[in-house]
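# Residue-level structure breakdown
Below, each chain spelled out in residue letters.
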Amino acid sequence: MGLLSDPNRRRALTNLLTRLNAPICVMCYLAGVMWFMGLAFEPFTLRTYMSENAMGSTMVEEHFPAGERALATSREFAAHKKKVGGMPVDWLVKTMESRGLEVFTQTFTRKLPFPDEDKERYMVRGTNVYGILRAPRASRTEALVLSAPCSQGNANNQAVGLLLGLAQYFRSQVYWAKDIIFLVNEHDLIGMQAWLEGYHHTNTTGGDWSPLQGRGGSIQAALSLELSSDVITSLDLVLEGLNGQLPNLDLANLFHAFCQKIGVLCTIQGKLQRNDWESTSGYVHSAQTMMLMVLKQASGRPWGDHGLFLRYHIEAATIRGINSFRQYKTDATTIGRLLEGMYRKLNNLLERLHQSYFFYLMPALTRFVSIGYYMPAFGLLAVILLLRALDLWVQLGASAPGTEDGLAEREQPPSSPGALSILTPVVISHMTGVALYCLPIMSQEMAVQHFPVSETEAVVLTAIAIYTAGLAMPHNTHRLLQGEGTEQGWRVLKLVALLYLAVLLGCTALINFSLGFILALSLVPIAAFITPHRPKALSAAIMVLLSPGCTLLYCVVIFQELQETPVSLQEGWMLFLSVISQGILDHSLYGSLVYPLMALLIYPCWLLLWNILFWK
């Protein structure tokens, strides 16, 4: 308290803070980046372990024998699918009933806000078929789900065949204490969304579906199976769900434990684990795996049918079979034994998975980074905004220096900025954000009538046009204001923008760390050091290169590089446009929050910083 009450000490602290503010901010930024990159280094990660006592992999024996029969069923399913030109509903109902399940169907219809050119669909109509194996040893208050999407062409036929084979085998066992629901959903995520909404009596996305005629107990866990070949080389575990949600870490640990027990190669992000952690190549490999997870999580989209279960607090993951050039092959019987073991362990649970982590990053299946390790990297970036805001606050509150003769006279205080000069850019920037959020879909019909573009192109190009038009905001702001802005005016506006951005990024990182960290990497430098007194051309170029739109473009290119599928400049641009359209669709169809966050909050905040650069 003496430090703050003594004027001399307070003045010394103020001078120190003002003089060293920029170096401290630079050091915090570099430390945050280095901290994040160091998370992939083996000494800074934790070895995975099973927190749930009831899920030890050595406590059950797997006896599934019917892999060849499941493949025969998959070929029969493929023939009927080709015959009817879609999902063979009648055949699936008959087959499930013959295996002793209670079989039900659900029809659904969904009109997309604009055509999905990637999957060539606009008006989606389909049917979900599911069968329930009732628990013979319990009161049927809990359930597990095994799903397989009915995909177009020859994709995923083997998954449906294996699902039906497991249903027949599970029916002959008497130890099930939970209902097991075998679900074949049409139109991938759209069908899964309709089924989940029908099961839980909700309708959050405006879909049209028929009510479910049969239900099991409260769903405790779910697995989605994707297999498109008779044999595979490895099983890839997909964890990233809607809005960056992740399942309980014990579910990933259970998958890895059974893969190790049965002898199946397992991967995450499509990459095998390496043992040379201490070498440079080993670190690069784990860093690439972790960054792939960060980019997928930051996208906010569900990367498998499991991603929609997480919204209902159901622990779920997708198991995807990969058939690559490796000579090591795994047959359907082995995969069936793995799934049997996992479901037997999930069947033993007395409560939902909750003892392990829900917030983590995984550089490998045997290593993870907990929230306590990766949050300091974001904190080092966020503290820069608070330091710069504190510096501005001190400058705004500092008194003018005394006169040369030592008298305590004060100069006339500079004119304070009017509320209108601060509120006008804030209001205009958020109105631009509202236009970016609403107009692309609302104006697509008008754009198609006046320009030779498709509906999807109209939506994407309208969004880009509004985004670009926002660069003229400083000119429009000054036209509304009379006279020139004061020196204190831009300082007050920047103080508001810094605090606004700090709260926004902090809340984002709590929900989706990856998205918050990526945005902080690009926005924090310009928010900290932008002023009207810097060279306009160079500063404007840097701000555009670090804007949210360009950050999205960089993420698309980096993602392709990490997946070892580099793209040319033209291909990268087309992928960028596709990502924008998919982001808007994901928000409309499934409730992804990334697009409204970027349009309504992040972009307006960036426009405030842009307005500060051109402050008159």
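Up top is the structure these notes are about.
Because the structure is a prediction, the values reported are computed rather than measured.

## Focus on unusual backbone geometry
Non-glycine residue Gln-269 carries a positive phi angle of around 60°. Along the chain, Gln-269 falls in the loop between strand S9 (266-268) and strand S10 (271-272). A positive phi angle, close to 60°, is found at Glu-564, a residue other than glycine. Residue placement: Glu-564 occurs in the loop between helix H18 (548-562) and helix H19 (569-590).

## Thoughts on the side chain of Gln-158
Among the secondary structure elements, Gln-158 is positioned in helix H5 (residues 157-171). Side-chain polar atoms of Gln-158 contact the side chain of Asp-230, separated by 3.1 Å.

## Quick word on the pattern of salt bridges
In this structure the tally under the stated criterion is 11 salt bridges. Put simply, Lys-178 and Glu-142 hold a salt bridge, and the shortest N to O gap is 3.3 Å. Placement of Lys-178 in the loop between H5 and strand S5 (179-186) and of Glu-142 in strand S4 (residues 142-150) is noted, with a sequence separation of 36 residues between them. The exposure class of Lys-178 is buried, given its relative accessible area of 2%. Close ionic contact of Asp-586 with Arg-301 constitutes a salt bridge, the shortest N to O distance being 3.7 Å. With Asp-586 in helix H19 and Arg-301 in the loop between helix H8 (280-299) and strand S11 (315-322), this residue pair connects regions lying 285 residues apart in the sequence. Connected via shared salt-bridge partners are Glu-102, Arg-134 and Asp-179.

## Here's the deal with empty space enclosed by the protein
The final tally for this structure, using the stated rule, is 4 cavities of 30 Å³ or more. For the largest cavity, the calculated volume is near 100 Å³. If you go around the largest cavity, you meet 15 residues; those closest to its centre are Gln-273, Arg-274, His-285, Pro-363 and Ala-364. Looking at the lining of the largest cavity, the elements that each hand over two or more residues are S9, S10, H8 and strand S12 (360-364). Top element by residues in the lining of the largest cavity is H8. It accounts for 4 residues. Each residue belonging to the lining of the largest cavity can be placed in one class, and the counts come to 7 nonpolar, 6 polar and 2 charged.

The rules behind the values
- Residue positions are given per chain, counted from 1 along the sequence in the order it is written.
- With the structure being a predicted model, the display of local features is reserved for residues of pLDDT at least 70 and the display and counting of side-chain atom pairs for 80 or more, all residues being used for whole-chain, interface and lining totals.
- Each side-chain value is worked out from all heavy atoms of the structure, with water and hydrogens disregarded.
- The numbering of helices and of strands both runs from the N terminus, where a helix is a DSSP run of H or I of at least 4 residues and a strand a run of E of at least 2.
- Think of a polar contact as two N or O atoms within 3.5 Å of one another; within protein, one of them needs to be a possible hydrogen donor and the other a possible acceptor, and neighboring residues in sequence only count if both atoms come from side chains.
- Salt bridge, as applied in this entry: a Lys or Arg side-chain nitrogen positioned within 4 Å of an Asp or Glu carboxyl oxygen.
- Burial status follows relative accessibility: with a 1.4 Å probe on protein chains alone, a residue under 20% of its type maximum counts as buried, one over 50% as exposed, and anything between as partly exposed.
- The method works on a 1 Å grid over the protein atoms by themselves. A cavity is a set of points holding a 1.4 Å probe that cannot get out, a pocket is an open set with protein on both sides within 12 Å along at least five of seven lines, and residues with an atom within 4 Å of a point line them.
- Grid points are joined across faces, edges and corners, and a volume is the space filled by probe spheres set on the points.
- The nonpolar class holds Ala, Val, Leu, Ile, Met, Phe, Trp, Tyr, Cys and Pro. Asp, Glu, Lys and Arg form the charged class, and all remaining residues, Gly among them, are polar.

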